[in-house]
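If you want the building blocks of each chain, they are given just below.
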Amino acid sequence: MRLGSGTFAAGCVVIEVLGVALFLRGFFPTPVFSGAERQAESPAPEPSAGASSNWTELPPPLFSKVVIMLIDALRDDFVFGSKGVKFMPYTTYLVEKGSSLSFVAEAKPPTVTMPRIKVDNNVTRHLDKVLKRQDWDVLILHYLGLDHIGHISGPNSPLIGHKLSEMDSILMKIHTSLLSEERDTLLPSLLVLCGDHGMSEAGGHGASSMEEVNTALVLISSAFERKPGRANETTTPAVGPPCIPVNRWCHSHSSSGDVRHPTHVQQTDLAATLSIGLGLPIPKSNIGSLMFPVVEGRPMREQLRFLHLNTVQLSKLLQENVPSYEKEPGFDQFKVSERSHGNWIRLYLEENNSEVLFNLGARVRRQYLDALRTLRLSLSKRAAQYDIYSMAAGTVMVLEVLALLLLSVPQALGSRAELDVPLLSPVCSLLFYLLLLALAALHVAVCTAADSSCYLCSLPWPAAGGVMALTAALLCAVVSALTRTFAGGKCLSQNPPQSTSTWSELDLLSFLGTVGHVLSLGSSSFIEEEHQTWYFLINTLCLALCHQIYRNCFLGDDCAPQHCPHMGEEFDGVTVALQGKRAGREGWELSRAPADPSSLEALRGPERWMVLASPWLVLACCRLLRSLNQTGVQWAHRPDLGHWLTSSDHKAELSVLAVLSLAMIFVLVQKRCSLTSKVAMAFGLLGVYCYRAAIGNVLFPWKQDNKDVSKGITEARFVYVFVLGILFTGTKDLLKSQIIAADFTARTVGLWEIYSGLVLLAALLLRPHNLPVLVLSLAIQTIMTQFIWRPLRHNITEVTVMHYWFGQAFFYFQGNSNSIATVDISAGFVGLDAYMEIPAMFLTAFATYSGPVLWASHLVNFLTSEASSGSALSRACFCYALICSTPVSVYVVLVTSLRYHLFIWSVFSPKLLYEGTRLLITAAVCMFFTAMDQTNTRS
């Protein structure tokens with residue numbers, strides 16, 4: 001069966017998406033788990049040695065009521081730093097002089113939580129009524145406003161202080177109420193102030209920076225009452241030895257004031273601590289350990305009892321998840337501690353209150369604490385176990401697709417842009433059935449001998465069999481392609497071609513740049529600063545284009561560049577001449593023919609100067625864009641134009657810039673739209689500004705300051721109406737061009753209107769300071785279309801590579817990086833008054849990848865309007881799929897080999913998620929290419 005290059009490439013990318021999804025399922029490990037049969041187990045009895053202990057039940061609770069006040073994105077310095085001193089005075093008082101214990105709880109990366117929309121007032125308005133009731137034991141309050149402010153305007157926004165003050169007043173209200181109720185109860189209450197994650201300097205979260213993983217944790221209770229004079233013991237003079245922590249907190253003085261340094265704990269420790277405090281069993285799958293300062297004031301026997309219960313729980317979890325648990329050092333430490341504890345119980349029951357009993361108890365306590373640390377470390381390592389079988393299956397599938405794409409290059413980029421794809425022969429061959437039998441045997445062996453279950457093993461047999469059949473069929477197809485290539489090479493060696501070809505400078509740059517970028521993915525530093533790679537590549541590309549233009553304009557035919565034969569044409573040295581105007585446009589053939597120097601020398605006046613200056617204009621635009629958003633890791637903290645524009649002191653400047661940017665977007669986009677789309681675009685861009693003004697980002701011209709800030713739902717939905725209208729008009733024109741084959745104008749206008757609708761949607765979703773990114777993207781596309789691609793007549797491969805490179809560069813120009821923290825999830829809530837998963841995912845993905853998507857859409861428009869060859873889109877689709885698939889395939893192998901690297905979770909795994917998402921978007925782009933392709937599929 002003969003398939004077009006685009007259809008074949010789209011199918012390959014879809015299969016590759018399945019392979020990457022399978023790899024991701026095996027790469028990201030499932031947490032340690034415990035069997036359900038432990039639900040009804042009685043608590044472990046107190047150890048004894050030679051005497052029977054009568055303590056076989058859980059210890060009584062330490063607190064009568066617990067209130068958990070969870071403030072989303074509560075970074076540690078929001079409480080313990082200068083912001084806490086300024087905006088949270090009551091909390092600061094409790095931390096410094098009150099009855100509290102202060103910790104910094106470390107969250108494990110990736111620090112991502114499920115986003116939700118809630119107005120905070122909706123939580124507080126029920127608080128007074130609930131606090132007066134006596135029918136609850138645990139109260140959980142989740143406040144999301146701080147996180148929402150961070151995503152919109154960052155941690156330095158003036159709104160942060162207002163929100164922290166609001167939270168401080170709520171905490172004072174809760175604490176006062178709990179203290180008043182304690183007079184009628186025997187046990188004290190506990191108030192927990194905590195955060196789920198921190199906040200990066202950009203306002204997001206998801207990665208592993210200190211600002212994102214360090215959260216404030218304050219336990220407030222009269223049970224932690226400090227003895228008189230204790231505060232003096234914790235304070236150290238400005239000059240002298242470092243302070244000694246008491247109750248795990250201390251003060252140190254500096255020139256900037258009082259800065260506190262609480263002890264660091266793991267976020268998972270809170271579950272074990274609250275369970276002990278409430279007299280409940282510790283969750284069976286929790287890998288946290290008891291925060292010992294909470295029980296430090298209890299009698300020694302109770303302290304050891306609490307530590308014993310926690311250690312028993314972790315040891316059982318270790319036994320259920322580690323087959324060789326007896327060889328683990330933590331298990332040995334647990335057994336030694338338990339025996340020592342039994343000896344202490346024997347002395348205690350003998351009523352031996354000597355100093356020996358106290359010293360032995362202190363030693364047992366240290367042994368338990370050491371055992372807890374070691375057990376938790378072993379279980380944490382166990383949580384990082386990989387599903388190698390699923391990873392290997394996904395890797396094989398991805399590599400098979402890449403090999404198939406590489407082996408199909410001669411046919412896919414040939415003159416007809418078609419491939420002879422045998423669909424039945426691989427399935428009917430003996431090799432296919434032998435491979436399927438071998439894979440089935442391997443599957444049975446792995447699933448029956450593995451220590452832990454694999455994802456593929458958990459699938460039903462039809463699904464697992466489908467994966468094995470697809471893998472075997474792809475391998476047969478690769479073998480068939482290799483056979484054809486070898487046979488074709490042998491024939492060519494007997495009949496060598498009459499013409500030879502050489503690579504042009506751009507071809508060599510494209511190849512070396514792609515290979516260099518792929519190789520750089522093996523370095524964590526290059527991944528963190530990948531934007532520098534793409535900035536370097538597009539700058540080098542502009543210089544190469546400048547050299548090509550100057551050589552053609554001034555040196556003439558003798559020094560004209562020798563282009564390699566375009567792989568989209570016949571390999572016989574044929575050149576294609578410049579075509580005349582067609583349907584009111586300048587049509588020309590994207591071929592392997594070199595640029596005609598005479599066509600450049602014939603340019604006179606302003607047009608000639610624009611051609612000469614165009615590479616430098618593009619370089620200037622790129623340099624300006626680099627200053628707009630600092631990204632990466634090394635320089636992300638440096639100030640940039642984006643930070644200056646988003647500060648509250650420069651709202652007027654941002655408003656002027658937004659107006660100018662929206663006006664330029666209209667000028668650059670409307671020229672090829674229909675009248676209806678022009679009107680819709682104008683009203684849509686006006687709605688974009690109204691939306692930004694409604695949420696307080698920019699100012700209305702008739703107002704000096706926006707005091708009435710809303711969600712802008714009505715304004716955003718107003719823009720969505722025009723986006724859908726423009727997309728509908730473009731789709732209608734495309735359908736019209738399909739019915740009337742000769743209506744070329746309707747086809748080009750329809751494609752451009754779809755592109756315009758995407759531009760309008762990007763203008764709505766991007767933050768206002770990023771509107772210049774969109775404007776300069778449109779400007780660079782216009783410059784390169786008018787003064788580079790048309791005069792120089794680059795071939796399809798070169799034009800596709802340029803679009804891909806600029807799309808990748810604009811991904812980073814937006815301020816994105818390979819850290820999950822830079823994902824702007826606020827775009828997923830534009831125009832929504834409640835969380836809706838599918839729209840939020842689509843809007844967030846489009847806002848994040850708007851640069852690559854818009855450049856790919858422009859490529860479709862450019863090839864459709866400029867190339868006279870009907871197979872241009874098909875060849876471009878294949879090139880696009882190949883250049884996108886190569887880094888993904890190589891990176892899967894690199895991540896597998898580096899899975900025990902120190903930065904696997906902080907650097908390599910987020911990049912893997914970005915590559916998987918980019919491949920999914922590439923599959924959608926290739927489907928769009930294929931849908932727009934005019935070539936016919938023949939059997």
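Asks: What's the story with the overall build of the protein chain in this structure? I'm lost.
Replies: Counting its regular elements, the protein chain contains 36 helices and 12 strands. Relative to its full complement of 939 residues, the protein chain shows a buried share of 54%.

Asks: Would you mind showing me how to read the state of the cysteines here?
Replies: In a disulfide, the sulfur atoms of two cysteines are covalently bonded to one another. Counted according to the given criterion, the structure contains 1 disulfide. Sulfur of cysteine 622: no disulfide; nearest cysteine sulfur belongs to cysteine 542 and is 5.4 Å away.

Asks: Would you mind going over the pattern of salt bridges with me for this structure?
Replies: Side chains that carry opposite charge are capable of pairing whenever their charged atoms lie near each other. All told, the structure shown has 17 salt bridges when counted by the stated rule. Ionic pairing is found between arginine 376 and aspartate 269, a salt bridge with its closest N-O pair at 2.6 Å. In this pair, arginine 376 is assigned in helix H14 (residues 355-383) and aspartate 269 in helix H11 (residues 269-277), connecting sequence segments 107 residues apart. For the pair shown, arginine 376 and aspartate 269 are each scored as buried. One salt bridge in this structure joins arginine 918 and glutamate 915, with 3.1 Å as the shortest N-O distance. Placement of both arginine 918 and glutamate 915 in helix H36 (residues 904-932) is noted, with a separation of 3 residues, approximately one turn of the helix. Residue classification places arginine 918 among the buried positions, given a relative accessible area of 6%.

Asks: Before we go on, may I ask you to explain the environment of threonine 785 in this structure?
Replies: Relative to the assigned elements, threonine 785 resides in helix H31 (residues 771-792). Once the C-alpha coordinates of threonine 785 and glutamate 866 are considered, the two residues, 81 residues apart in sequence, prove to be 9.6 Å apart. Discounting chain neighbours no more than four positions away, the residues touching threonine 785 are Arg790, His858 and Phe862.

Asks: Help me understand unusual backbone geometry in this model?
Replies: Working note: non-glycine residues mostly have negative phi, and peptide bonds are mostly trans. Phi is positive for alanine 73, which is not a glycine, with a value near 70°. In this structure, alanine 73 sits in the loop between strand S2 (66-71) and helix H2 (77-80). One non-glycine residue, arginine 793, lies in positive phi territory at about 50°. With respect to the helices, strands and loops of the structure, arginine 793 is situated in the loop between H31 and helix H32 (796-813).

Asks: I tried to follow the sheet that holds strand S3 (residues 100-106) on my own but got confused; where do I start?
Replies: The strands that make up a sheet pair up through hydrogen bonds in the backbone, lying either parallel or antiparallel. Here 6 strands make up an open sheet; going across it, the order is S4-S2-S5-S6-S3-S9 and the pairing mixed. Of all the strands in the sheet, just strand S4 (138-143) and strand S9 (263-266) have a single pairing partner and so form its edges. Going across the sheet, the axis of each strand differs from the next one's by a mean of 25°, ignoring polarity. Looking at chain direction, strand S5 (residues 190-194) and strand S6 (residues 214-220) are connected through 4 bridges and run antiparallel. Bridged to leucine 191 within S6 is isoleucine 220.

Asks: Please clarify how the nonpolar core should be interpreted in this entry.
Replies: Generally speaking, soluble globular proteins have nonpolar side chains that are buried together. Counting 154 residues, the largest nonpolar core has Ile665, Trp805 and Phe806 as the members making the most contacts within it. In terms of residues, this core owes the most to one element, helix H35 (residues 872-897), which gives 15 residues. Ignoring any residue separated from it by four or fewer positions in sequence, one finds phenylalanine 806 in contact with Ile538, Leu541, Cys542, Val618, Cys622, Ile780, Met784 and Trp855. In this structure, Ile287, Phe292, Phe306 and Leu357 belong to the second largest nonpolar core, which totals 49 residues.

Asks: Would you explain the environment of methionine 784 in this entry?
Replies: Among the secondary structure elements, methionine 784 is positioned in helix H31. In this view, methionine 784 contacts Leu545, Val618, Trp789, Arg790, Met802 and Phe806; residues no more than four positions away in its chain are not counted.

Asks: Honestly, H35 in this entry has me stumped. Any pointers?
Replies: Taking 1.5 Å of rise per residue, 26 residues should cover 38 Å, and H35 covers 39 Å from first to last C-alpha, within 8% of that figure. The buried fraction of H35 is high, at 21 of 26 residues.

Asks: Please clarify how helix H30 (residues 744-765) should be interpreted in this entry.
Replies: Relative to the 32 Å expected for 22 residues at 1.5 Å per residue, H30 spans 32 Å between its end C-alpha atoms, a close match to the ideal helical length. Burial analysis of H30 places 21 of its 22 residues in the buried class, the great majority of the element.

Asks: How should a nonpolar patch on the surface be read in this particular structure?
Replies: On the surface, Trp503, Leu508, Phe511, Leu512, Val515 and Leu519 cluster together into a nonpolar patch covering about 630 Å² of accessible area. Residue position: leucine 519 is located in helix H21 (residues 505-520). Taking relative accessible area as the criterion, leucine 519 reaches 65% and is therefore assigned exposed.

Asks: Even after reading the chapter, I still don't get the packing of H30 against H31, so can you show me in this structure?
Replies: Between two packed helices, what matters for the description is the angle formed by their axes and the separation of those axes. Contact pair H30 / H31: the axes reach a minimum separation of 9 Å and the direction vectors enclose 155°. As the angle between them shows, H30 and H31 are arranged roughly antiparallel. Each of Tyr755, Val759, Ala762 and Ala763 in H30 lies in contact with H31, whose residues at this interface are Leu771, Leu774, Leu778 and Gln781. In the contact of H30 with H31, the residues fall into 7 nonpolar, 1 polar and no charged.

Asks: I keep staring at the pairing of S3 and nothing clicks. Help me out?
Replies: Looking along a regular strand, one sees side chains alternate from face to face of the sheet. Among the 7 residues that make up S3, 6 are buried, leaving the element largely enclosed by the rest of the structure. Bridge count between S3 and S6: 7 bridges; the pairing is antiparallel. Bridging from a neighbouring strand, phenylalanine 103 pairs with leucine 217 of S6. Of the pairings in the sheet, the one linking S3 to S9 comprises 4 bridges and is parallel in character. Looking at the pairing, glutamate 106 lines up with glutamine 266 of S9.

Asks: Please clarify how the side chain of serine 510 should be interpreted in this entry.
Replies: Looking at the secondary structure, you find serine 510 in helix H21. Since its relative accessible area comes to 14%, serine 510 is described here as buried. Every residue in contact with serine 510, bar those within four places of it in the chain, is listed here: Val801 and Trp805.

Asks: Would you mind going over the confidence of the model for the protein chain with me for this structure?
Replies: Reading predicted coordinates in detail is not appropriate for stretches of low pLDDT. Counting all residues, the mean pLDDT for the protein chain is 82, and 83% of those residues have values of 70 or more. Across residues 228-259, confidence stays below pLDDT 50; counting only partners more than four residues off in sequence or on other chains, it has 42 contacts. Overall, residues 935-939 carries pLDDT values under 50, and its contacts beyond four positions in sequence, including any with other chains, amount to 15 contacts.

Conventions used here
Each chain carries its own residue numbering, running from 1 in the written order of its sequence. Totals for whole chains, interfaces and linings use all residues, but because this is a predicted model, local features are given only for residues with pLDDT of at least 70 and pairs of side-chain atoms are given and counted only at 80 or more. Working from all heavy atoms in the structure, the side-chain values ignore hydrogens and water. Secondary structure counts use DSSP, requiring at least four H or I residues in a row for a helix and at least two E residues in a row for a strand, with both numbered from the N terminus. Three exposure classes are used, based on accessible area relative to the maximum for each residue type with a 1.4 Å probe and protein chains only: buried under 20%, partly exposed in between, and exposed over 50%. Disulfides are defined as pairs of cysteine sulfur atoms found within 2.5 Å of each other. Salt-bridge detection follows one rule: a side-chain nitrogen of Lys or Arg within 4 Å of a carboxyl oxygen of Asp or Glu. In what follows, a contact means two residues having at least one pair of non-hydrogen atoms within 4.5 Å. Two strands are said to pair when DSSP picks up at least two bridges between them. Throughout, an axis means a line fitted to C-alpha atoms (over the contacting stretch in the case of helices), and angles, computed between N-to-C directions, take values from 0 to 180 degrees. We call a set of buried residues a nonpolar core when its members are Ala, Val, Leu, Ile, Met, Phe, Trp, Tyr or Cys and they connect through side-chain atoms within 4.5 Å of each other. Here the expected span of a helix is defined as 1.5 Å times the quantity of residues minus one. Residues enter patches when they are more than 30% accessible in relative terms and free of salt bridges; like-charged ones are connected within 9 Å and nonpolar ones (Val, Leu, Ile, Met, Phe, Trp, Tyr) within 5 Å. Accessibility throughout is a Shrake-Rupley quantity obtained with a 1.4 Å probe, and a residue counts as covered only by protein chains that appear here. Roughly parallel covers angles under 35 degrees, roughly antiparallel covers those over 145, roughly perpendicular covers 65 to 115, and oblique covers all other angles. Throughout, the ten residues Ala, Val, Leu, Ile, Met, Phe, Trp, Tyr, Cys and Pro are labelled nonpolar, Asp, Glu, Lys and Arg are labelled charged, and all others, Gly among them, are labelled polar. Confidence scores here are pLDDT values: one per residue, from the predictor, ranging 0 to 100.

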